Amino acid sequence: MIKPAGTPFDEPLEEMEDFSLEEFEADYEVVPDEELHEEFRSECDSFFAPGGTLESRAADAKLKCELRPQQRAMANAIADALCSGEHLCVEAPTGVGKSFAYLVPLVYRARRHCRPAIISTETINLQEQLISKDIPFLSTLLGIEIKASLAKGRRNYLCRRRFAMLSGEQKDMLLPNPSLALDIERVANALERGAAGARDDFSFHVDKEVWNLVCCESGNCLKNKCPYFRSCCYFKARREWEQSDIIVANHALFFTDLAMRCMEGSAGALLPNYGVVLFDEAHTLEESASNHLGVRLSRPLVVSMLNRIYNPDNAKGLLMRQQGVPPELRGKVAEARDESYGFFGAFEELLNRHNETALEITHPENFIDNLTPKLMRLASGLQNLADDEDDDDTSFKTEIDSMISRCRETVDGLDAFMHRTIPDAVYYAEDDQGGVALNATPLNIAQILSDILFNQDFTVVLCSATLTVRNRFDYFISRTGFSGRTLQLDSPFSPSQAKIRLIRSLPDPKSREYREALADEIYSAVELTEGKAFVLFTSYELLRYCQENLRNDFMDHRWQLLVQGSGSSRSQLLREFKEDVNSVLFGTDSFWTGVDVPGEALSHVIITKLPFAVPSHPLIAARMRKIEREGGNSFSGYSLPEAVLKFRQGAGRLIRNKDDKGFITILDPRMITRSYGRMFLESLPYSSEII
């Protein structure tokens, strides 16, 4: 490692026009890596040590500071991993302060090596907390400027070229509805006032149809040949990422970037050349990778793509340009659009016939694919149009080129699904927001991640509050292919802060009597804390039944009932829940994780059923079959540990700081009647009582 003699390490080196080895050796000292590593470890440790940087700087600023040995241990373990290049997996319970524990070594390391660190999260809430709260606070404590940026996918940024095209003479041709012109005007005014151009930066809602026409897309980006390149919203953000110490992204963007690197090398990468990636909320690693390393096609997406080319319903689209467009080309678009309804409709009919929301497709050859040849003919016609296009109108030609690529990508996806070309994958159809989606999801995610994530030249750090089952990482490692060191930290909270309540008298969850008994027990549990409760369900059907049967009783007690799926967003429901201390929230899957409600407002978590995944879902069933084929037991090797991890996530909503206290009531009698109930109980540090 080269370090300027007698200068701070992060001071930029001056450019040397005439390089001389003698002058170089005189001006710069060569510092052994071991010495720099020791210096780096010392900095990280002293930050969290008693009397160290954190405690002293907090005292100077008259801020309350609580030193936690778990936080210091985590930071030191990450520092060691960054020095050795070994991957690290950390289970850090709530209250450890994991954000600071990983930010300190990541910042020190990024500033030394001039390669940014990626922090990848599952939820937007955590991204916002890191960017707007944790990193600025750490910057103040360290007394240095930490350059941090929030990385979003390309489609989150406005394309000035496409916006100029939409707001110019071709607006009437492209805009699907004249009433949407107001959105164009509002966006134009915001840009004039200095808006950065990211979708979230606008203080008003931009209609989805409008945004699809003006957002950045890889297929129609002219890069430095674009007349708007210098003011490009996306590339301006990219330049900020390049200059950052810390880049905060989400799992979806990271895996999209990783897949592009594998296919195209660094030239196709979305993110800069990072030196380390840290996954927070790493318990979703397998699901995130599965969702973004497979194939997914849906009728709404295909129809939306074709409507952009030409929509016969309202005579809008790119091909409505009067000059140079053969009328028969519009006919090819209409034929492909009609065929997309027929093609996907066959799968939709199958779902309806079996009264299922998802079904595995084991014999796709039974379905007639007339969509592929129609898309290929359309792509060929568009290619002829692009070849004949005058080079002066680059915007129109670029849009056509993009649609050609989209058609061909769709054909490739159809080929992968219809001919099952992805090895060791499950192929299935499922409901998708008013349509049907076809999925090809890899089952060998552990092997894939071992090859493309854990076998690179950067260090990978994984952390979450729930990664172990029975205090072992074995299950998580088997699902993700992780290789490296592991660290399990204990909770800084007291086991006496919560008590688990088990109900003896409940009937079996499969019986008809269970629903009625469940509603009664929910009422009794909520009465114990006078509201202030999360009630976590595993199905909407059971949630709606309990909602209908308890609404009036809750009104009598003035407990506001907030229900997922009632029209309010997740964030709106949480805001109302926090503001009305005695309210009760009924939630399903998304409320089991990523929800933080400290204080009295949440004093009771009520779990209706143990969260076993639905074994009939094609993806779950395929994963279980794979385990059985390989000689394992699908229940103990998949269903049970998955349920335990989700159970820990749900129960973990209760105690968020050292002053929190309350109850966890479990309304599933299998906790008492089945031997595996002990496994769930042992996953929590609290004492239990049977009522």
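Coordinates for the structure precede this section.
In this report, we go over the structure that sits alongside the text. (Residues numbered from 1 in each chain as written. Predicted model: local features only at pLDDT ≥ 70, side-chain atom pairs only at ≥ 80, totals over all residues. Heavy atoms only, no water.)

Things to note about the overall build of the protein chain
At step 1: Per the secondary structure count, the protein chain includes 26 helices and 20 strands.
At step 2: Relative to its length of 691 residues, the protein chain is compact, with a C-alpha radius of gyration of 28 Å against a globular reference of 26 Å.
At step 3: Principal-axis analysis of the C-alpha atoms gives the protein chain an extent of 80 × 80 × 55 Å.
At step 4: In the protein chain, buried positions account for 51% of the 691 residues.
At step 5: In the protein chain, the proportion of contacts linking residues at least 24 apart, taken out of those at least 6 apart, comes to 76%.
At step 6: For the protein chain, the computed accessible surface area is about 32500 Å², with 46% contributed by carbon and sulfur atoms.
At step 7: In the protein chain, 78 side chains carry a positive charge and 103 a negative one; their mean positions are 4 Å apart. (Helix = DSSP H or I, 4+ residues; strand = E, 2+ residues; numbered from the N terminus. Rg over C-alpha atoms; globule rule 2.2 N^0.38 Å. Buried < 20%, exposed > 50% of the residue type's maximum accessible area, 1.4 Å probe, protein only. Contact = heavy atoms within 4.5 Å. Areas by Shrake-Rupley, 256 points an atom, 1.4 Å probe, with all protein chains shown as cover. Lys, Arg positive; Asp, Glu negative; His and termini not counted. Charge placed at Lys NZ, Arg CZ, Asp CG, Glu CD.)

As for helix α12 (residues 251–264)
Because an α-helix packs 3.6 residues into every turn, residues spaced three or four apart end up facing the same way.
At step 1: Over its 14 residues, α12 extends 20 Å from the first C-alpha to the last, a length consistent with the 20 Å expected when each residue adds 1.5 Å.
At step 2: All of the buried residues in α12 are H251, L253, F254, F255, D257, L258, A259 and M260.
At step 3: Residues of α12 that are buried make contact with β4 (117–121), β6 (246–250), β7 (276–279), α13 (285–292) and α18 (445–452). (Expected span 1.5 Å × (residues − 1).)

What about the packing of aromatic side chains?
The geometry of two aromatic rings is summed up by the distance between their centres and the angle between their planes.
At step 1: A complete count under the given rule lists 31 aromatic pairs for this structure.
At step 2: On the numbers, 5.4 Å between centres and 70 degrees between planes, the contact of F343 with F347 is edge-to-face. Of this pair, F343 and F347 both sit in helix α15 (residues 327–354), 4 residues apart, which is roughly one turn of that helix. Like F343, the residue F347 is buried in the burial classification. (Phe/Tyr/Trp six-rings, centres within 6.5 Å; stacked < 30°, edge-to-face > 60°.)

What about the environment of N76?
At step 1: Structurally, the position occupied by N76 is in helix α4 (residues 69–84).
At step 2: Each C-alpha atom, one on N76 and one on S46, is 9.8 Å from the other, the two residues being 30 residues apart in sequence.
At step 3: Excluding residues that lie within four positions of it along the chain, N76 makes contacts with C44 and D45.

Here's the deal with unusual backbone geometry
At step 1: You will see that A315, though not glycine, has its phi angle at about 55 degrees, which is positive.
At step 2: Mapped onto the elements, A315 comes out in the loop between α14 (299–309) and α15.
At step 3: For A315, a relative accessible area of 36% gives the class partly exposed.
At step 4: Look at R558: it is not a glycine, yet its phi comes out positive at around 60 degrees.

Description of the environment of E521
At step 1: Among the structural elements, E521 can be located in helix α20 (residues 513–529).
At step 2: Ignoring anything within four residues of it in the chain, the contact list for E521 reads I503, S505, L506 and L667.

Overview of a negative patch on the surface
At step 1: Taken together, E513, E516, D520, D553 and D556 make up a surface patch of like negative charges.
At step 2: Elements supplying a minimum of two residues to the negative patch: α20 and α21 (540–556).
At step 3: Among the secondary structure elements, D553 is positioned in helix α21.
At step 4: Judged by its relative accessible area of 32%, D553 falls in the partly exposed class. (Patch = residues over 30% accessible without salt bridge, like charges linked within 9 Å, V, L, I, M, F, W, Y side chains within 5 Å. Salt bridge = Lys/Arg side-chain N within 4 Å of Asp/Glu carboxyl O.)

Some details on the sheet that holds strand β3 (residues 88–91)
At step 1: Read from one edge of the open sheet, 7 strands run β5-β6-β4-β7-β12-β3-β13, paired in parallel fashion. The open sheet has two edge strands, β5 (148–150) and β13 (485–488), and neither has a second partner. Neighbouring strand axes in the sheet, compared pairwise and without regard to direction, differ in orientation by 15 degrees on average.
At step 2: Bridge count between β4 and β7: 4 bridges; the pairing is parallel. (Pairing = 2+ DSSP bridges. Axes fitted to C-alpha atoms, helices over the stretch in contact; angles between N-to-C directions.)

Focus: the nonpolar core
At step 1: Grouped together as the largest cluster of nonpolar side chains are 103 residues, with contacts concentrated most on F202, F254, F279, L319, F347, L382 and L462.
At step 2: For this core, the element with the most residues is helix α17 (residues 394–418), which contributes 9 residues.
At step 3: Once you skip the residues sitting within four places of it in the chain, L382 turns out to touch I309, L319, L329, I400, M403, I404 and C407.
At step 4: The next biggest cluster of nonpolar side chains, apart from the first, holds 44 residues, and it includes L610, Y638, M671 and Y676. (Core = buried A, V, L, I, M, F, W, Y, C linked by side-chain atoms within 4.5 Å.)

So, the pairing of strand β12 (residues 459–464)
Consecutive residues of a regular strand have side chains that alternate between opposite faces of the sheet.
At step 1: Counted residue by residue, β12 has 6 buried out of 6 residues, so it is predominantly covered.
At step 2: In the sheet, β3 pairs with β12 via 4 bridges, with the strands oriented parallel. Each bridged residue has a counterpart across the sheet, and for E91 the counterpart in β12 is S464.
At step 3: Relative to β12, β7 runs parallel, the two being bridged by 4 bridges. Note on β12: the bridge partner recorded for F279 is L462.

Regarding the sheet that holds strand β18 (residues 604–607)
At step 1: Taken together, the 7 strands give an open sheet; going across it, the order is β16-β17-β15-β18-β19-β14-β20, and neighbouring strands pair in parallel fashion. The open sheet has two edge strands, β16 (561–563) and β20 (687–690), and neither has a second partner. Adjacent strand axes in the sheet meet at a mean angle of 20 degrees when their direction is disregarded.
At step 2: Sheet topology note: the β18/strand β19 (residues 662–666) ladder contains 4 bridges and is parallel. In the strand pairing of β19, H604 is matched with F663.
At step 3: Across the face of the sheet, helix α22 (residues 570–579) comes into contact with β15 (533–536), β16 and β17 (584–587) while running at roughly 165 degrees to β16.
At step 4: Taken strand by strand, helix α24 (residues 634–651) contacts β15, β18 and β19, and its axis lies near 150 degrees from that of β18.

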